[in-house]
Amino acid sequence: MDAVETTLRYTLRLGDNALILGQRLAEYVTRAPELEEELAVANFALDYIGQARLFYSRAAELEGAGRTEDDFAFLRDGHEFENLLLLEQPNGHFGDIIARQFLFESFYLLQLEALCRCRDQPLVEIAARAVKEIRYHLRHASQWVIRLGDGTVESHARMQGSLDELWPWTGEMFTGDAVDEAFARDSGGPDLAKLRPAWQQQVDGVLAKATLRRPEDGWMQDGGKRGRHSEHLGYLLAEMQFLQRAYPGALW
Amino acid sequence: MSGGRVVQAANRWLRKEEVLHWLEDVADPEIPVLSVVDLGVVRDVRVHRDGVEVLITPTYSGCPAMEVIEERVQEALARRGVTPTVRRVLSPPWTTDWMSGAGRRKLAQYGIVPPRAPAHRDHPIACPRCASTETTRISEFGSTPCKAAWRCNACREPFEQFKCI
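Residues numbered from 1 in each chain as written. Chains lettered and ligands numbered in written order. Predicted model: local features only at pLDDT ≥ 70, side-chain atom pairs only at ≥ 80, totals over all residues.

1. Some words on the overall build of chain A
This is how it is decided: Working definition: helices are DSSP H or I runs of at least four residues, strands are E runs of at least two. Numbering for both runs from the N terminus. Between the buried cut of 20 or more and the exposed cut of 12 or fewer other C-beta atoms within 10 Å of a residue's own C-beta lies the partly exposed class, and all C-beta atoms are placed from the backbone. By definition, residue pairs are in contact when their C-beta atoms, positioned from the backbone, come within 7 Å.
Within chain A, the regular secondary structure consists of ten helices and zero strands. Listing each helix as α and each strand as β along chain A from the N terminus yields α-α-α-α-α-α-α-α-α-α. With the principal axes as the frame, chain A shows a C-alpha extent of 55 × 40 × 30 Å. By the burial criterion, 45% of the 252 residues in chain A qualify as buried. Restricting the contact set of chain A to residue pairs at least 6 apart, pairs at least 24 apart contribute 74%.

So this is what it looks like as structure tokens:
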């Protein structure tokens, strides 16, 4: 794998994470418990889809094969997506959405901050733009974890349940593979395992305020970076890609 | 071809300030009281020998207004016989510190609390209707990514605040 190919794969993965989470959040619009959360979720989805477009446009440039951001989003099959499995998990209830945002964004913020210091200038620029948005999202998710965790007996139990349910998907965030290692070597990308202590600290701080317990680390799911997904991704793509599959090249 | 010649001719006297002045008529699609210059979305105008380049930057990654802004900038200059190249730049990332003084005043008159200047970040948020500082933030997220929702505890009216980022 040469340096351009490494950067391409790395950039596409960032795009895949943003797009898949953006699509999941968009699915939740009209289903939030209150109007303010409705707007918040719509804003998050918009930020993620915007970030996905920036990553995919950069990937298209790197690839130089005439594919566009839309081709990456709408014309690739499930095994070609290399997003984290956590992000394709179905929405569930509001607590599940908050838990997913909280666990992922506590990591993503650290990843973006590290990318702001890497040597790939286009990624530095996208990361510097995105980091401001994610900082804002994470504050919101953390506030809800605390509010629900330190709320009623029911909300506490549900929030704890959401964390327990999603915890086995968090290990994958810190498991680097050949692409991560090559990007770290060639372009100064982060060593994912080294982000873990800061993540743990951030998560523990919020959970303590929320009177919630950090789930035990046990067996962790992985496979997203090898294109091996849970059964949920196929359904997500079927809905998201329908229009371009049924009416190739449709524009509006 | 005739379009190309007009640009050439225009460039002999065209100055950056003039182009910026024209762009002051280009309204932001989501907050029409502000121009794209007030908002700081227009980062720079470069007049070259062979054309005019307008650099624009998104307020947020997912800003859905970028395509419309691009078109409107093209149209505004086309009316003056100039065919610009509109280029999107990400760096440095947009900040509310770039909003012009005129922009801040227009927003306030429109009923949206403008983003506070860096030196005044700790000032309380005053209601744009009754000026009371007894206000509560309802949500960090409003009708567009750049605004938060607030309520005045004195006159009980809801209002929007342009967030500082």
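2. Structural notes on the overall build of chain B
Broken down by element type, chain B carries four helices and seven strands. Taken from N to C terminus, the helices and strands of chain B fall in the order α-α-β-β-α-β-α-β-β-β-β. By its C-alpha atoms, chain B is 60 × 25 × 25 Å across when sized along the principal axes. Counting all 165 residues of chain B, 35% fall into the buried class.

3. Some remarks on the environment of Phe81 of chain A
Residues and elements named next belong to chain A. Tracing the backbone through its elements, the reader meets Phe81 in the loop between helix H3 (69–74) and helix H4 (85–88). Sequence-wise, Phe81 and Asp16 are 65 residues apart; in three dimensions their C-alpha atoms are separated by 6.2 Å. Apart from the residues lying within four places of it in its own chain, the contact partners of Phe81 are Asp16, Ile20, Arg76, Gly227 and Leu233.

4. Some words on the sheet that holds strand S3 (residues 85–88) of chain B
Residue and element names in this part refer to chain B. Note the cut-off: Each pair of strands is called paired provided DSSP finds at least two bridges between the two strands. Only the stretch in contact is used when a helix axis is fitted, and all axes are lines through C-alpha atoms; the angle between N-to-C directions ranges over 0 to 180 degrees.
The strand order across the open sheet formed by three strands is S1-S2-S3, and the pairing between neighbours is mixed. Taken across any chain shown, the strands that pair with only one partner, and hence form the sheet edges, are strand S1 (42–48) and S3. Between one strand and the next, the sheet's axes are offset by a mean angle of 20°, whatever the strand orientation. Here S1 pairs with strand S2 (residues 51–56) via six bridges, running antiparallel. Among the inter-strand pairings, Asp44 is bridged to a residue of S2, identified as Leu55. Sheet contacts for helix H2 (residues 16–23): S1 and S2; angle to S1, the most-contacted strand, approximately 135°.

5. Structural notes on the interface of chain B and chain A
The condition that has to hold: Note on residue categories: nonpolar means Ala, Val, Leu, Ile, Met, Phe, Trp, Tyr, Cys or Pro, charged means Asp, Glu, Lys or Arg, and polar means any other residue, Gly included.
Listed per partner, the contact involves 17 residues of chain B and 19 residues of chain A. Residues that form the side of chain B that touches chain A fall into these classes: ten nonpolar, six polar and one charged.

6. A short note on the packing of helix H6 (residues 121–149) of chain A against helix H7 (residues 153–166) of chain A
All names here are of chain A. The line we're drawing: Put simply, angles under 35 degrees are roughly parallel, angles over 145 are roughly antiparallel, angles from 65 to 115 are roughly perpendicular, and the rest are oblique.
The contact between H6 and H7 brings their axes to 7 Å, and the two run at 130°. As the angle between them shows, H6 and H7 are arranged oblique. Facing Val145, Leu148 and Gly149 of H6, the residues of H7 in contact are Ser155, His156 and Met159.

7. Looking at unusual backbone geometry
Cis geometry is found at the peptide bond from Ser91 of chain B to Pro92 of chain B, where omega equals -5°. By the secondary structure assignment, Pro92 of chain B is in the loop between S3 and helix H4 (101–110). The backbone of Thr211 of chain A shows a phi angle near 55°, a positive value even though the residue is not glycine. One can find Thr211 of chain A in the loop between helix H9 (192–209) and helix H10 (232–246). Judged by the 13 C-beta atoms lying within 10 Å of it, Thr211 of chain A falls in the partly exposed class. Phi at Arg156 of chain B takes a positive value of approximately 65°, unusual for a residue other than glycine. Residue position: Arg156 of chain B is located in the loop between strand S6 (147–152) and strand S7 (158–162). For Arg156 of chain B, a count of 10 C-beta atoms within 10 Å puts it in the exposed group.

8. Quick word on helix H2 (residues 35–63) of chain A
To keep it simple, the criterion reads: A helix is expected to span 1.5 Å for every residue after the first.
Compared with an ideal rise of 1.5 Å per residue, which puts 29 residues at 42 Å, H2 of chain A spans 42 Å between its outermost C-alpha atoms and is within 8% of the ideal. Looking one or two residues beyond H2 of chain A, the residue adopting positive phi is Gly64 of chain A, at roughly 60°.

9. Some details on the packing of helix H5 (residues 94–115) of chain A against H6 of chain A
Residues and elements named next belong to chain A. To be explicit about the condition: Crossings are classed by handedness, with left-handed meaning an anticlockwise turn of the near helix from the far one by less than a right angle and right-handed meaning a clockwise turn.
At a closest axis distance of 8 Å, the pairing of H5 and H6 adopts a crossing angle of 145°. Classified by chirality, the crossing of H6 by H5 is left-handed. Here the residues of the contact of H5 with H6 are counted per class, giving 17 nonpolar, five polar and three charged.

10. Some points on H9 of chain A
Residues and elements named next belong to chain A. Using the following cut-off: By definition, a residue's bend is the angle between the axes fitted to the seven residues ending there and the seven starting there.
With 18 residues, H9 extends 26 Å from end C-alpha to end C-alpha; this agrees with the ideal 26 Å at 1.5 Å per step. At Ala198, H9 shows its largest kink, close to 30°. Among the residues making up H9, those that are buried are Leu192, Leu195, Trp199, Val203 and Leu207. In the core, the buried residues of H9 are packed alongside H5 and helix H8 (178–187). Thr211 lies just past H9 and shows a positive phi near 55°.

11. Quick notes on the pairing of S7 of chain B
Counted residue by residue, S7 of chain B has four buried out of five residues, so it is predominantly covered. Connecting S6 of chain B to the next strand, S7 of chain B, in antiparallel fashion are five residues, including Arg156 of chain B with a positive phi near 65°.

12. Re the nonpolar core
Most often, soluble globular proteins keep nonpolar side chains buried together rather than apart. Cut-off, in case you're wondering: In this usage, the nonpolar core is the set of buried Ala, Val, Leu, Ile, Met, Phe, Trp, Tyr and Cys residues whose C-beta atoms join them within 7 Å.
Counting residues in hydrophobic clusters, the biggest one holds 104 residues, and the most contacted among them are Ile98 of chain A together with Val36 and Val73 of chain B. Here this core takes 14 residues from H2 of chain A, the largest share from any one element.

13. Remarks on the confidence of the model for chain B
Residue and element names in this part refer to chain B. The condition that has to hold: The quantity known as pLDDT measures the predictor's confidence residue by residue, on a range of 0 to 100.
With 92% of its residues at a pLDDT of 70 or more, chain B has an overall mean of 86. When the elements of chain B are averaged for pLDDT, helix H1 (residues 2–11) gives the smallest value, 45, and strand S4 (residues 112–113) the largest, 93. Below a pLDDT of 50 lies the segment residues 1–9, which in the model reaches five contacts outside its immediate sequence neighbourhood of four places, other chains included. Complex prediction metrics read pTM 0.89 and ipTM 0.76.

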